[in-house]
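Examining the three-dimensional arrangement
These are the residues of each chain, in order.
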Amino acid sequence: MNGLQAKLKSVIKGDVLSDPQTIEQYSHDASIFEIKPQVVVFPKDTEDLKNLVKFVNQEKGLSLTARSAGTDMGGGSINDSIIVAFGKYFNHIKSVDEKSKYAVAEPGVFYRDFEKETLKKGLIFPSYPASREICAIGGIVNNNSGGEKSLAYGKTENYVEKLKVVLSDGNEYELKKLNKNELNKKIKQNDFEGNIYKKTFELIEKNYDLLQEAKPKVSKNSAGYYLWNVYDKDKEIFDLTKLFVGAQGTLGLVTQAQIGLVPVKKHAEMMILFLHDITHLGEIINIVLPLKPDTFEAYDDNTLKLALKYFPEFAKLLGTKGTIRTALAFLPEFIMTITGGLPKLILQVDFQSDDMEELNSKIKQLKEALKPLHPKTRVADNETKELKYWLIRRESFNLLRQKIHDKHTAPFIDDFVVSPEYLPEFLPKLNSILKKYPSLISTLAGHVGDGNFHIIPLMNIEDPKQRAIIPVLEKEVYDLVLSYHGSITGEHNDGLIRTPFLKQMYGDKVYKLFEEVKKIFDPNDIFNPRKKVGATVDFAMNHIRTSFT
Ligand SMILES: Cc1cc2nc3c(=O)[nH]c(=O)nc-3n(C[C@H](O)[C@H](O)[C@H](O)COP(=O)(O)OP(=O)(O)OC[C@H]3O[C@@H](n4cnc5c(N)ncnc54)[C@H](O)[C@@H]3O)c2cc1C
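Rules and cut-offs
- All residue numbers refer to position in the chain's written sequence, counted from 1.
- Totals for whole chains, interfaces and linings use all residues, but because this is a predicted model, local features are given only for residues with pLDDT of at least 70 and pairs of side-chain atoms are given and counted only at 80 or more.
- Note that water and hydrogens are dropped before the side-chain values are worked out from all heavy atoms of the structure.
- In this description a helix means any DSSP run of H or I spanning at least four residues, a strand means any run of E spanning at least two, and both kinds are numbered starting from the N terminus.
- It is over C-alpha atoms that the radius of gyration is taken, and the globule rule equals 2.2 Å times the number of residues to the power 0.38.
- Here's how the labels work: a residue is buried when its accessible area is under 20% of the maximum for its type, exposed when over 50%, partly exposed in between, all with a 1.4 Å probe on protein chains only.
- Counted charges follow a simple rule, with Lys and Arg positive, Asp and Glu negative, and His plus the chain ends left uncounted.
- In this description, the location of a charge corresponds to atom NZ of lysine, CZ of arginine, CG of aspartate or CD of glutamate.
- For two strands to be treated as a pair, DSSP must find no fewer than two bridges joining them.
- Axis lines are fitted to C-alpha atoms, over the contacting stretch for helices. Their N-to-C directions set the angle, which ranges from 0 to 180 degrees.
- Only buried residues count toward a nonpolar core, which is a set of Ala, Val, Leu, Ile, Met, Phe, Trp, Tyr and Cys residues joined through side-chain atoms within 4.5 Å.
- We call two residues in contact when some of their heavy atoms are within 4.5 Å.
- The reported arc concerns the directions from the helix axis to the C-beta atoms and nothing else.
- Note on definitions: salt bridges are taken to be side-chain nitrogens of Lys or Arg within 4 Å of carboxyl oxygens of Asp or Glu.
- Each Phe, Tyr or Trp ring, with Trp reduced to its six-membered ring, pairs with another whose centre is within 6.5 Å; inter-plane angles below 30 degrees give stacked pairs, above 60 give edge-to-face pairs, and intermediate values give tilted ones.
- Being near a molecule or strand, for a residue, comes down to having at least one heavy atom within 4 Å of it.
- Any pair of N or O atoms that falls within 3.5 Å is considered a polar contact. Within protein, one atom must be able to donate a hydrogen and the other to accept it, and sequence-neighbouring residues count only if both atoms are side-chain atoms.
- Accessible surface is estimated by sampling points in the Shrake-Rupley manner with a 1.4 Å probe; for residues, cover comes only from the protein chains shown.
- Each residue receives one of three labels: charged for Asp, Glu, Lys and Arg, nonpolar for Ala, Val, Leu, Ile, Met, Phe, Trp, Tyr, Cys and Pro, and polar for the others, Gly being one of them.
- Oblique is the label for every angle not falling under 35 degrees (roughly parallel), over 145 degrees (roughly antiparallel), or within 65 to 115 degrees (roughly perpendicular).
- Take the far helix as the reference: if the near one is turned anticlockwise from it by less than a right angle, the crossing is left-handed, and if turned clockwise, right-handed.

1. Quick notes on the overall build of the chain
Along the backbone of the chain there are 22 helices and 22 strands. Over its C-alpha atoms the chain spans a radius of gyration of 23 Å, differing by no more than 12% from the 24 Å that the globule rule assigns to 549 residues. Projected onto its principal axes, the C-alpha coordinates of the chain cover approximately 70 × 55 × 45 Å. When burial is assessed residue by residue, the chain has 59% of its 549 residues classed as buried. Distance from the positive charge centre (75 side chains) to the negative charge centre (73 side chains) of the chain: 1 Å.

Here is the structure:
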């Protein structure tokens, strides 16, 4: 037992571990990085969290990094800190309110369990990520996660109604919408909480125009602190949940979230488009978006090849008895492979409604409008077929991670957003950049309706030459994205990989405001250091994994 572990055991009731296996497990998330924590704690309750913060404040040089399910793709949930693991004890769904349409849950609740409970009431949280089977509420809130339904419903930031948080003074507070009177009352408190409201309000009011201008001009963004969303000047509403969502645990520890839900729609219809080149992509996007689909997703030929290669795994996921039904479902794609006719890009347009006639009419309108462009289309007319396309889209990254053993998934250009109208011009330029690195095979999938793409290269991470590509290629791609006024991350957040690019994305003045906000909430830098502010490319590059054993 190390000295720190012994001290922590006297401070909290929960578990404190530092054995090699635990340290190894918590040195990684789903990113390319590896950082050994000092120790891993599993707090039992909020008292434990308060005591942890007070302890870290007394002992110099320590920090706390929150972790829920640890599926972060940018190194957000790893650090040379005390890792605060929420999964073991903070895993209760407190309530699902059918009438007011919200659920209250602790951060360690897996999304898959959360959804089971909300569906019982005919409700759903529509911003669930593709990692829905493996991630938890804490990460969804703190990454401002998004997913396939974000096109129609927006991201997590639209659904977080209240948060309970432990702040750097070691006390728990509730964050929610405040009107001007309530805000003034808080400001007058003249204590730690009052000071936070006072300083944050002053910072936002003083820099109001600059912040509104800084708000990314894309439909999805997880980069930076969303200061522009905190104060609605017209309605005089001040809401600190807007700052906490997506802050990656850098401002405090989330202990509970009240999350808004929406009713599940009764019917769905999906059209699949197979594009052999992307010449008409821009026109297709312009045809599809006005029809207001619930989702508009895309993936490339490499993703489809992967699905075909591992189709027995898909059979398991589809839950079909035996592989025959799955093989039949995949038959058209097998034929395409044999005849060399595999499309370059597959688009998935999904409409949902309580009214079947509305759905049929939208599919009809879409077919008509697409006729002049002659794309090959198919309407997924049974549940297995529909699910097949969803699984290819959702599970491809997970399959890459689990199945390819001679190369490793390397998410570092995994989540950028460019307004869809620029895509026909942007995508060929992106392709030219990728072609400069022929040793990298990559899959491309994403939310084409939002212009949000996930490129996952496969690399020999143990080869220093391959690792050296990462900062160079990353810079080239983000330079291109930012030249189209895009965002470096639509949903996966900054972590270690993208924090060094925040200054470039937002400019010096806004980045300075990010630093000021961090100081207001966390003056001694005890919460998840080097994320959102204070990271360097060198630190990140020095912590890239050198093996995946
Ligand atoms: C296969 C795969 C697919 C993915 N697809 C998507 C996708 O479609 N959309 C998407 O948004 N993301 C996606 N991700 C990334 C990730 O799964 C999500 O962002 C997810 O919401 C993170 O949840 P988690 O519980 O694993 O978070 P963690 O990794 O545990 O944490 C994420 C961040 O939140 C902070 N945090 C966690 N708990 C707390 C807490 N209690 N208090 C304060 N801070 C906290 C952590 O410090 C970290 O910075 C994907 C990842 C994988 C592996």
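2. Examining the sheet that holds strand β2 (residues 39-42)
Pairing within the open sheet is mixed, and its four strands lie in the order β1-β2-β4-β3. Each end of this open sheet is capped by a strand with a single partner; those strands are β1 (15-17) and β3 (64-67). Shown here is a sheet whose adjacent strand axes are inclined to one another by a mean of 25°, direction ignored. Pairing of β3 with strand β4 (residues 82-85), which is carried by four bridges, proceeds in the parallel orientation. Within β4, the position partnered with Ala66 by the bridge is Val84.

3. Here we look at the nonpolar core
Among the nonpolar cores identified, the biggest contains 120 residues, and Phe114, Leu227, Leu347, Phe426, Leu473 and Phe521 are the most heavily contacted of them. It is helix α18 (residues 464-483) that contributes the most residues to this core, eight residues altogether. Not counting residues up to four positions away in its chain, the partners in contact with Phe426 are Phe416, Val418, Leu480, Val481 and Tyr484. Ranked by size, the runner-up nonpolar core spans 21 residues in total, among them Leu62, Leu64, Phe86 and Leu253.

4. Re the sheet that holds strand β5 (residues 93-97)
As summarised here, the arrangement of the five strands in space is β5-β6-β13-β8-β9, forming an open sheet in which the pairing is antiparallel. Looking at the sheet topology across the chains shown, the edges are occupied by β5 and β9 (172-175). Direction aside, the axes of adjacent strands within the sheet are offset by 10° on average. Bridge count between strand β8 (residues 160-166) and strand β13 (residues 253-260): six bridges; the pairing is antiparallel. Pairing of Val160 across the sheet is with Ile259, part of β13. Helix α4 (residues 111-120) contacts β5, β6 (102-105) and β13 of the sheet and is inclined by roughly 35° relative to β5.

5. Notes on helix α1 (residues 3-11)
Turning to α1, its buried residues are Leu4, Gln5 and Leu8. Projected onto a plane normal to the axis of α1, the buried residues spread over an arc of 95° and lie on a single side. What points out from α1, more than 90 degrees from its buried face, is the exposed set Gly3 and Ser10. Packed against the buried residues of α1 are β1, β2, α3 (46-58) and β4.

6. Quick look at the pairing of strand β22 (residues 452-459)
Counted residue by residue, β22 has eight buried out of eight residues, so it is predominantly covered. Bridge analysis of strand β19 (residues 408-409) against β22 gives two bridges, and the strand direction is antiparallel. Paired with Thr409 across the strands is Leu458, a residue of β22. Summarising the sheet, strand β21 (residues 441-447) and β22 pair through seven bridges and their orientation is antiparallel. Among the inter-strand pairings, Ser442 is bridged to a residue of β22, identified as Pro457. Hairpin connection of β21 to β22: four residues between the antiparallel strands, including Gly451 at a positive phi of 70°.

7. A few points about the pattern of salt bridges
For the structure on display, the rule yields 27 salt bridges. Of the charged contacts in the structure, one is a salt bridge between Lys50 and Glu47, with a shortest N-O distance of 3.3 Å. In this pair, Lys50 and Glu47 are both assigned in helix α3, three residues apart and thus about one turn of the helix distant. Assessed through its relative accessible area of 41%, Glu47 is described here as partly exposed. Salt bridges linked by common partners bring Lys13, Asp45 and Asp48 together as one network.

8. So, unusual backbone geometry
We note that Gln248 has phi near 55°; this positive angle belongs to a residue other than glycine. Although it is not a glycine, Asn493 adopts a positive phi angle of roughly 80°. Its place among the elements puts Asn493 in the loop between α18 and α19 (495-498). Judged by relative accessible area, Asn493 falls into the buried class, the value being 0%.

9. Focus: the packing of aromatic side chains
With the rule as written, the count across this model stands at 23 aromatic pairs. Geometrically, the ring pair formed by Tyr173 and Phe192 is stacked, given 6.5 Å between the ring centres and 25° between the ring planes. Linking Tyr173 in strand β9 with Phe192 in helix α8 (residues 192-206), this pair joins segments that are 19 residues apart in sequence. Residue Tyr173 is classed as buried on the basis of its relative accessible area of 14%. Take Phe192: its relative accessible area is 25%, and that puts it in the partly exposed class. With centroids separated by 5.4 Å and ring planes inclined at 55°, the aromatic side chains of Tyr422 and Tyr484 adopt a geometry described as tilted. Taken together, the residues span a long stretch of sequence, with Tyr422 in the loop between β20 (413-417) and α17 (423-435) and Tyr484 in the loop between α18 and α19 at a distance of 62 residues. Aromatic ring contacts, followed pair by pair, group Tyr225, Tyr226, Trp228, Tyr506, Tyr511 and Phe514 into a single cluster.

10. Considering the site of the ligand
As a matter of local geometry, the ligand sits amid 36 residues, with Ala66, Ser68, Thr71, Ser131 and Gly146 nearest to it. Ala66 places a main-chain nitrogen or oxygen 2.6 Å from an oxygen atom of the ligand. In this structure, Gly249 approaches the ligand through a main-chain N or O atom, which is 3.5 Å from a nitrogen atom. Here the ligand, which alone exposes 960 Å², has 99% of that area covered by the protein. Residue assignment for the shell around the ligand shows that the elements contributing at least two residues are β3, α5 (137-143), β13 and α16 (383-403). With five residues, α5 is the largest single contributor of residues to the shell around the ligand. Taken together, the residues of the shell around the ligand break down into 14 nonpolar, 18 polar and four charged.

11. Some words on the packing of α1 against α3
At a minimum axis distance of 10 Å, the contact between α1 and α3 shows a crossing angle of 135°. Between α1 and α3, the angle falls in the class oblique. Viewed along their axes, α1 and α3 form a crossing whose handedness is right-handed. Residue-level contacts link Leu4, Lys7, Leu8 and Val11 of α1 to Asn51, Leu52 and Phe55 of α3. Residues belonging to the contact of α1 with α3 are distributed by class as follows: five nonpolar, one polar and one charged.

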